[in-house]
Amino acid sequence: MVIVRLNEANFEYDIYGLVKSFFPTQSVEIQYEEGAEPKDSAPKPHEIEEPITLVMNVHYENGRIGLSMSGKTTEVEVDDSNRKDTKNRLKRLIYQALQEYTGRELPWGTLTGIRPTKIALTQLLEEVPEEEIRSYMKETYLTSEEKIDLSMKVVTKEKEMLSKVDYQDGYSLYIGIPFCPSTCLYCSFPSYALASYNGQVERYLQCLEKELQFLHDSIPEKKLTTIYFGGGTPTSLSAEQLDWLLSKVEEYLDLSHLLEYTVEAGRPDSITRDKLEVLKAHGVDRISINPQTMKQETLKLIGRHHTVESIYDAYQMAREVGFETINMDMILGLPGESLEDVEHSLKEVAKLEPDNLTVHSLAIKHSSRLNIEWDKYRNYVMENSDSHMHAAYEVAKELGMKPYYLYRQKNMAGNLENVGFSVPGHEGLYNVLIMEEKQTIMALGAGSACKYVTDGGKTVTRSENVKDVTNYIERIDEMIERKRNKLEEIAWL
Ligand code: SF4
């Protein structure tokens with residue numbers, strides 16, 4: 001356990017995130033206690049074993065922050081009137097102490113947020129020269145050269161992609177289908193096993209129609225830039241249901257400005273030829289077929305009731321139907337997988353030559369079965385490391401792909417990142433929009449969240465739909481009202 005004692009409540013969220021990044025398998029407790037002597041029984045860096053007890057005391061006092069840990073005190077001067085700079089100095093102070101204590105460096109340095117590219121992109125859009133952005137990331141956040149390189153590649157591409165987006169009068173649309181053939185071990189998305197919710201699907205679709213009608217009536221003059229069907233697994237719906245829903249999208253919305261139309265087919269066990277044909281007929285131009293792994297034993301362990309063979313079949317079918325942009329998602333760090341397993345999966349995926357490859361590091365989410373039933377899985381190796389990531393980067397390079405978006409999550413294996421790679425010309429604009437928060441995204445369906453972007457991207461507010469499907473159906477009018485209120489607030493009504 002790591003105990004952080006503060007003499008006042010300040011920056012505790014940032015401190016927690018940073019300490020947790022150094023000690024992902026330890027619990028971190030923030031206490032507000034003054035004057036207590038640190039009880040530090042930590043072993044030497046190379047001997048760190050679980051459990052440890054480490055106490056850090058952080059003391060704020062007029063223009064100075066002191067940090068006591070392992071019998072050593074360090075201090076930094078701060079300008080109290082500059083909160084951002086104070087936070088960055090404090091984080092560097094903690095980082096350096098923990099680096100010395102553990103003998104480890106964090107590839108992203110003190111950056112603990114989920115969008116490490118946001119700072120670089122903001123500066124790039126303000127025409128700050130690349131060298132200055134690089135120095136800023138290195139000096140302010142202690143980010144490694146490798147991650148700075150990655151960030152610069154990503155934001156340069158993002159800048160180019162965003163240049164064709166209308167922030168002022170455009171918006172993007174997310175439609176959530178929260179049903180899946182079965183629930184994956186690590187899942188924290190709104191997802192319900194279809195077999196138990198079959199009776200609710202029709203009513204759910206009618207609620208989506210109500211939300212579409214609301215958009216039609218309330219923001220008819222706004223231009224729709226991208227559509228993204230996610231979930232869940234949208235292709236859990238039958239071909240007839242998909243046809244009906246996509247027809248409703250066309251009936252209520254003007255698609256003449258659309259730059260991109262994506263449906264996450266996701267699970268191979270939900271994909272059939274007639275569903276793919278329906279998507280194609282309605283103008284969907286991007287789909288995902290997500291293996292996560294090509295190891296049969298792992299698929300079973302993570303609760304995906306399909307075979308490796310079905311991944312090849314679904315992919316083949318999608319190409320035959322004429323999809324030109326297919327993304328494949330992989331997860332590194334799945335329970336029981338070695339580096340060789342990951343390399344094998346990547347090699348198999350590479351044989352299919354997808355246009356996008358999205359590489360995730362396993363994140364242990366609070367609401368996932370993996371977390372809830374942790375005792376059952378704790379003895380499995382769940383490792384992601386630089387070597388795993390390099391294997392993925394190498395395969396992406398061999399496929400002629402470049403990184404174009406990235407984000408991080410809490411409790412990620414290896415404290416690394418999720419990266420989207422693409423063959424040039426096949427990048428997913430919606431993925432960049434959701435990460436960089438430059439355009440308003442209207443979101444329909446259970447568990448979805450609208451993001452309202454105003455002040456040229458300076459202000460982002462949200463309105464959320466309830467997660468539970470039954471609740472969503474019963475409270476659909478209230479969900480629409482929430483949207484109406486927010487749209488009024490941002491003066492779109
Ligand atoms: S396919 Fe995705 S949404 Fe569905 S259960 Fe698995 S992780 Fe969750």
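Residues numbered from 1 in each chain as written. Predicted model: local features only at pLDDT ≥ 70, side-chain atom pairs only at ≥ 80, totals over all residues. Heavy atoms only, no water.

### Remarks on the packing of aromatic side chains
- Within this structure, the stated rule accounts for 17 aromatic pairs.
- Between Phe22 and Tyr95 the ring centres are 5.3 Å apart and the planes differ by 65 degrees, which places this aromatic pair in the edge-to-face class. Of this pair, Phe22 sits in helix H1 (residues 12-22) while Tyr95 sits in helix H2 (residues 83-102); the two residues are 73 residues apart in sequence, bridging distant segments of the chain.
- Arranged with centres 6.3 Å apart and planes meeting at 15 degrees, the rings of Tyr405 and Tyr407 form a pair that is stacked. Accessibility classification places Tyr405 together with Tyr407 in one group, the buried group.
- An aromatic cluster is defined as three or more aromatic residues linked by ring pairs; in this entry it consists of Phe179, Tyr192, Tyr197, Tyr204 and Tyr472.
- The positively charged end of Lys222 is found above the aromatic ring belonging to Trp492, 4.4 Å away from the centroid.
- The ring of Phe323 is capped by Lys280, whose NZ or CZ atom sits 5.3 Å from the centre of that ring. (Phe/Tyr/Trp six-rings, centres within 6.5 Å; stacked < 30°, edge-to-face > 60°. Helix = DSSP H or I, 4+ residues; strand = E, 2+ residues; numbered from the N terminus. Buried < 20%, exposed > 50% of the residue type's maximum accessible area, 1.4 Å probe, protein only. Lys NZ or Arg CZ within 6 Å of the ring centre and 35° of its normal.)

### Description of the pairing of strand S17 (residues 449-454)
- Bridge count between S17 and strand S18 (residues 459-464): six bridges; the pairing is antiparallel. Bridging across to S18, Cys450 finds its partner in Ser463.
- The hairpin turn running from S17 into S18, its antiparallel successor, is four residues long, and Asp455 in that turn takes a positive phi close to 55 degrees. (Pairing = 2+ DSSP bridges.)

### So, a negative patch on the surface
- On the surface, a cluster of negative charge is made up of Glu240, Asp243, Glu250, Asp274 and Glu277.
- Where the negative patch is concerned, the elements lending two or more residues are helix H8 (239-252) and helix H9 (273-281).
- Take the negative patch: its biggest share by element is three residues, from H8.
- Topologically, Glu277 is positioned in helix H9. (Patch = residues over 30% accessible without salt bridge, like charges linked within 9 Å, V, L, I, M, F, W, Y side chains within 5 Å. Areas by Shrake-Rupley, 256 points an atom, 1.4 Å probe, with all protein chains shown as cover. Salt bridge = Lys/Arg side-chain N within 4 Å of Asp/Glu carboxyl O. Lys, Arg positive; Asp, Glu negative; His and termini not counted. Charge placed at Lys NZ, Arg CZ, Asp CG, Glu CD.)

### Description of the environment of Glu478
- As for its placement among the helices and strands, Glu478 is situated in helix H18 (residues 476-489).
- Owing to a relative accessible area of 33%, Glu478 belongs among the partly exposed residues under this scheme.
- Linking Glu478 and Asn465, residues 13 residues apart in sequence, is a C-alpha distance of 9.0 Å.
- In this structure the side chain of Glu478 is engaged in a polar contact, spanning 2.9 Å, whose partner is the side chain of Arg475. (Polar contact = N/O pair within 3.5 Å; in protein donor to acceptor, adjacent residues only side chain to side chain.)

### Regarding the domain arrangement of the protein chain
- The assigned domain composition of the protein chain is domain 1 (2-102), domain 2 (117-162) and domain 3 (170-487).
- In this assembly, five residues from domain 1 lie in contact with five residues from domain 2.
- Summing both sides of the interface, domain 1 and domain 2 together bury roughly 400 Å²; the carbon and sulfur share of this comes to 54%.
- At the junction of domain 1 with domain 2, the criterion picks out zero salt bridges.
- Summed over the shared surface of domain 1 and domain 2, the result is one residue pair in polar contact (both at pLDDT 80 or more). (Domains from an automatic or database assignment. Contact = heavy atoms within 4.5 Å. Buried area = accessible area lost by both parts, 1.4 Å probe.)

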